[in-house]
Amino acid sequence: MLLSKACTGIDDIAEAITLLELNNWDLVAAINGVIPQENGIFVASQANIYGPHSQAAPAAPPAAPAASSSSSSAFCPALPSRHIVERQPRMLNFRVEYRQRTVEVVIEEGSVVGEIKQILETELQVPVSKMQLKGWKSGDVSDSIVLQSLHLPKNNSLYVLTPDITPTASTSQNSVLQESLNQNFLLVISHREAQRDYNLNFPGSRTIQEVKRNVSDLTNIPVRHQQWEGWPASASDSMTLAASGISYPCHHLGVCRRSSPANTQEPTEECADVHMVSDSEGDDFEDASEFGVDESEMFGMGTSTGCRKAPLMPENTENEVDALLHFTAEFTTRYGECHPVFFIGTLEAASQEAFYGKARDRKLLAIYLHNDESVLGNVFCSQMMCADSIVSYLSQNFITWAWDVTKEANKARLLTMCTRHFGSVVAQTIRTYKTDQFPLLLIVMGKRTSNEVLNVIQGNTTVDELMMRLMGAMEIFTAQQQEDIKDEDEREAREMVKREQDEAYQLSLEADRKKREAQEREQAEQLRLQQIQKEADDEKEAIRLSLEHALPPEPAEEGGEPISKLRIRTPSGEFLVRRFLGSTKLQVLFDFVASKGYPWEDFKLLTTFPRRNITQLDPASSLLEAKLFPQETLFLEAKE
């Protein structure tokens with residue numbers, strides 16, 4: 001640190017840390033970015049910068065000592081010449097996003113911003129004059145700025161905007177959305193209760209729900225208890241920051257814990273007696289000095305007045321949710337924001353949350369029982385329950401539910417709840433513990449038939465021992481959970497097979513039903529067509545009979561009038577032979593043919609030679625006029 005201070009001339013520690021962060025904590029790169037460079041050499045070897053354990057540079061002959069100077073900048077050249085090493089040019093990596101494309105650019109730190117644009121012009125086919133390069137940490141920069149002066153880390157992300165180039169209709173909307181998703185949003189979140197501001201950077205692709213979860217880790221306020229100010233009215237938890245409508249690049253928000261109904265608190269006793277530990281009991285507890293706390297704090301006394309603090313839970317609270325909200329708020333006031341996330345709800349609801357979901361989602365239930373009369377309360381809460389490792393482990397693997405048994409009424413209520421949910425043995429076990437053995441942490445595991453208390457951890461323990469016992473309980477729980485998962489998977493597989501069989505059976509029934517309905521429809525259609533055909537045949541037969549009865553009688557061969565004898569060949573090869581008077585109209589001939597089943601609408605009557613179509617002649621003309629006298633052979637042919 002002294003060497004880097006002497007070389008750079010930076011006295012402000014915060015500025016030095018900022019430079020290190022910008023260079024990914026690369027000390028050599030950070031110093032290179034701020035000290036003057038002469039003839040391409042860097043004064044100070046990496047071995048001296050990082051300490052005596054680093055690999056030393058190869059030895060070189062000693063050089064003449066440099067002239068002394070009072071300025072800090074002269075400190076580095078005064079080092080022996082064996083520390084002078086040739087400086088290699090530092091390369092910077094840029095990942096540049098443009099619409100649907102990503103371009104990787106590797107360039108020397110001594111280059112200017114405009115050279116990056118020239119490379120992008122070749123890759124993206126976008127003129128430099130229409131290109132805006134965005135994403136610099138320090139805001140917009142000009143093309144003539146040297147990259148080294150920006151103190152950039154090795155890896156950087158930028159994006160290109162081209163407002164003067166109108167994208168195609170198919171890609172403009174996607175491009176704008178993609179650019180928004182790649183932008184970084186600075187959220188300035190004000191924690192009202194702690195009176196503290198958090199400056200958090202999130203990519204535009206992060207959802208509001210994910211932001212709230214991250215804030216929950218910082219403020220220890222569960223997502224369900226967070227009350228926010230500043231989100232757009234149309235924003236929902238599933239939206240990304242880019243689509244939520246927040247301000248870019250910076251947006252201000254406020255968060256606090258939802259207020260619970262006012263609870264009447266008992267007046268504090270100004271000079272309450274403190275329960276002290278006898279000499280015989282003192283051997284069972286850890287020395288308070290081992291935890292780095294004052295004895296007065298360990299025994300529950302204030303630093304100035306010795307007055308008792310407000311209770312964690314008011315007495316005779318009818319609503320358990322209100323009691324637990326009060327407990328959490330008072331616990332936070334006493335011991336800070338870093339503590340386990342206490343489940344807000346009844347013991348039954350906590351058990352349901354921990355034990356009765358899917359096997360993969362189940363957790364252990366940790367029941368924390370607090371007693372303000374115990375001398376171990378403050379130590380256990382501040383040093384055990386608020387330890388980062390314990391808080392993280394409980395949050396990941398346990399549902400933590402808390403209760404204050406300082407007041408007898410609250411203790412009686414707890415015993416009643418434990419008897420109802422875990423049986424009388426657990427309630428009797430809690431009764432056997434003395435006040436000085438509190439706080440207690442009960443580790444409960446859900447089983448198929450009943451819930452089992454795996455462990456009862458007393459207040460006189462250490463962080464390591466507490467963690468070991470929690471991990472031991474987790475091993476037992478994990479073994480049971482694996483069995484439950486296996487049984488659940490097998491049961492789901494059986495149910496899946498049964499569902500598939502039922503679905504296949506239903507599909508078969510449905511197919512049979514459709515087939516039967518199709519057959520019934522086909523039969524009905526056949527019957528309908530048969531009926532129509534029968535009606536048509538009956539109608540034709542009736543017409544035929546009426547025509548047959550209306551025909552004039554066949555004349556005798558010898559008579560006074562001319563007689564025409566006609567032979568008509570049917571399509572089947574048979575001949576119809578009949579005599580007609582020469583004066584008989586053609587219509588009578590047509591009716592005769594129709595009475596034999598060959599209506600003139602469907603058949604045409606033709607002569608043999610020359611071929612004539614008689615049905616095209618005037619039906620009112622006579623046979624003589626049609627030249628069908630004294631005899632003629634005709635044949636019937638179906639019309640096309």
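Residues numbered from 1 in each chain as written. Predicted model: local features only at pLDDT ≥ 70, side-chain atom pairs only at ≥ 80, totals over all residues. Heavy atoms only, no water.

**Quick look at the overall build of the chain**
The helix and strand inventory of the chain stands at 18 helices and 18 strands. Counting every position in the chain, which comprises 640 residues, the buried fraction comes to 39%. A sequence separation of at least 24 residues applies to 65% of the contacts in the chain between residues at least 6 apart. If you sum the accessible surface of the chain, you get close to 36,700 Å²; carbon and sulfur atoms cover 50% of it. (Helix = DSSP H or I, 4+ residues; strand = E, 2+ residues; numbered from the N terminus. Buried < 20%, exposed > 50% of the residue type's maximum accessible area, 1.4 Å probe, protein only. Contact = heavy atoms within 4.5 Å. Areas by Shrake-Rupley, 256 points an atom, 1.4 Å probe, with all protein chains shown as cover.)

**A closer look at the nonpolar core**
Ranked by size, the top nonpolar core spans 60 residues in total, and within it F331, L365, W401 and L470 carry the most contacts. Not counting chain neighbours up to four residues away, the residues in contact with L470 comprise I390, Y393, L394, F398, L441, I443 and I457. Counting 21 residues, the second largest nonpolar core, distinct from the first, contains L92, V105, I116 and L152. (Core = buried A, V, L, I, M, F, W, Y, C linked by side-chain atoms within 4.5 Å.)

**Brief notes about the sheet that holds strand 14 (residues 451-457)**
Spatial ordering of the open sheet is given by 12-11-13-14, a layout of four strands whose pairing is mixed. Because the sheet does not close on itself, it has two edges, and the strands there are strand 12 (398-404) and strand 14. For this sheet the average axis-to-axis angle between neighbouring strands, irrespective of direction, equals 25°. Bridge analysis of strand 13 (residues 440-446) against strand 14 gives six bridges, and the strand direction is antiparallel. (Pairing = 2+ DSSP bridges. Axes fitted to C-alpha atoms, helices over the stretch in contact; angles between N-to-C directions.)

**Brief notes about the sheet that holds strand 17 (residues 603-607)**
Reading across the sheet, the four strands line up as 16-15-18-17 and stay open at both edges, with mixed pairing between neighbours. Bordering the open sheet on either side are strand 16 (575-581) and strand 17, each of which pairs with just one other strand. On average, adjacent strands in this sheet sit at an angle of 30° to one another, irrespective of strand direction. Sheet topology note: the strand 15 (residues 563-569)/strand 18 (residues 631-638) ladder contains five bridges and is parallel. Note that in strand 18 the partner of K565 across the bridge is Q631. Contacting strand 15, strand 16, strand 17 and strand 18, helix 18 (residues 586-595) crosses the sheet at an angle of about 150° to strand 16.

**A look at a nonpolar patch on the surface**
Side chains of I13, I17 and W25 sit close together on the surface and give an oily, nonpolar patch of about 320 Å² of accessible area. The exposure class of I17 is partly exposed, given its relative accessible area of 36%. (Patch = residues over 30% accessible without salt bridge, like charges linked within 9 Å, V, L, I, M, F, W, Y side chains within 5 Å. Salt bridge = Lys/Arg side-chain N within 4 Å of Asp/Glu carboxyl O.)

**Examining helix 18**
Here helix 18 lies mainly inside the structure; nine of its ten residues are buried. Listed as buried for helix 18 are L586, V588, L589, F590, D591, F592, V593, A594 and S595. On its buried face, helix 18 is in contact with helix 17 (463-550), strand 15, strand 16, strand 17 and strand 18. At the exit of helix 18 stands G597, carrying a positive phi of roughly 100°.

**Observations regarding unusual backbone geometry**
For the peptide bond that leads from Y248 to P249, omega is 10°, which places it in the cis range. With respect to the secondary-structure elements, P249 resides in the loop between helix 8 (241-244) and strand 10 (250-257). The residue after F609, namely P610, is reached through a cis peptide bond having omega -10°. Looking at the secondary structure, you find P610 in the loop between strand 17 and strand 18. Unlike most non-glycine residues, Q195 shows phi in positive territory, near 55°.

**Comments concerning the packing of aromatic side chains**
The description of two aromatic rings rests on the distance between their centres and on the angle between their planes. Counted according to the given criterion, the structure contains 15 aromatic pairs. Measuring from centroid to centroid gives 6.2 Å for F355 and Y356, while their planes differ by 75°, and the two rings are edge-to-face. Judged by relative accessible area, which is 49%, Y356 ranks as partly exposed. On the numbers, 5.2 Å between centres and 85° between planes, the contact of Y598 with F603 is edge-to-face. Since its relative accessible area comes to 17%, F603 is described here as buried. Pairwise contacts between aromatic rings join F327, F331, Y335, F342, Y368 and F380 into one cluster. (Phe/Tyr/Trp six-rings, centres within 6.5 Å; stacked < 30°, edge-to-face > 60°.)

**So, the packing of helix 12 (residues 347-355) against helix 15 (residues 408-422)**
One way to put it is that helix 12 packs onto helix 15 with a least axis distance of 10 Å and a crossing angle of 35°. When you trace helix 12 past helix 15, the crossing you get is right-handed. On the side of helix 12, the interface is formed by L347, E348 and S351, while helix 15 contributes M417, C418, H421 and F422. In terms of residue class, the contact of helix 12 with helix 15 is made up of four nonpolar, two polar and one charged. (Left-handed = near helix turned anticlockwise from the far one by under 90°. Nonpolar A, V, L, I, M, F, W, Y, C, P; charged D, E, K, R; others polar.)

**Some words on the side chain of S244**
Along the chain, the position of S244 falls in helix 8. Reaching out from S244, the side chain makes a polar contact with the backbone oxygen of L241 at a distance of 2.9 Å. When near neighbours in sequence (up to four residues on either side) are disregarded, S244 contacts I208, P232, A235 and M239. (Polar contact = N/O pair within 3.5 Å; in protein donor to acceptor, adjacent residues only side chain to side chain.)

**Considerations on helix 5 (residues 113-124)**
The first and last C-alpha atoms of helix 5 sit 16 Å apart over twelve residues, in line with the 16 Å expected at 1.5 Å per residue. Three or more residues of helix 5 are buried, namely V113, G114, I116, K117, L120 and L124. Viewed end-on, helix 5 has its buried residues packed into an arc of 145°, placing them on one side of the element. Turned more than 90 degrees away from the buried face of helix 5, the exposed residues are Q118 and T122. (Expected span 1.5 Å × (residues − 1). Arc of directions from axis to C-beta.)

**Concerning the pairing of strand 13**
Extensive coverage of strand 13 is indicated by the burial of seven of its seven residues. The alternating pattern of strand 13 places L440, L442, V444 and G446 and L441, I443 and M445 on opposite faces, both of which are buried. Pairing between strand 11 (residues 364-370) and strand 13: five bridges, direction antiparallel. Among the inter-strand pairings, L369 is bridged to a residue of strand 13, identified as L440.

**So, the environment of N199**
Here N199 lies in strand 8 (residues 196-203). For N199 and H251, which are 52 residues apart along the polypeptide, the C-alpha to C-alpha distance reads 10.0 Å. The contact partners of N199, leaving out residues within four places of it in the chain, are L186, L187 and V188.

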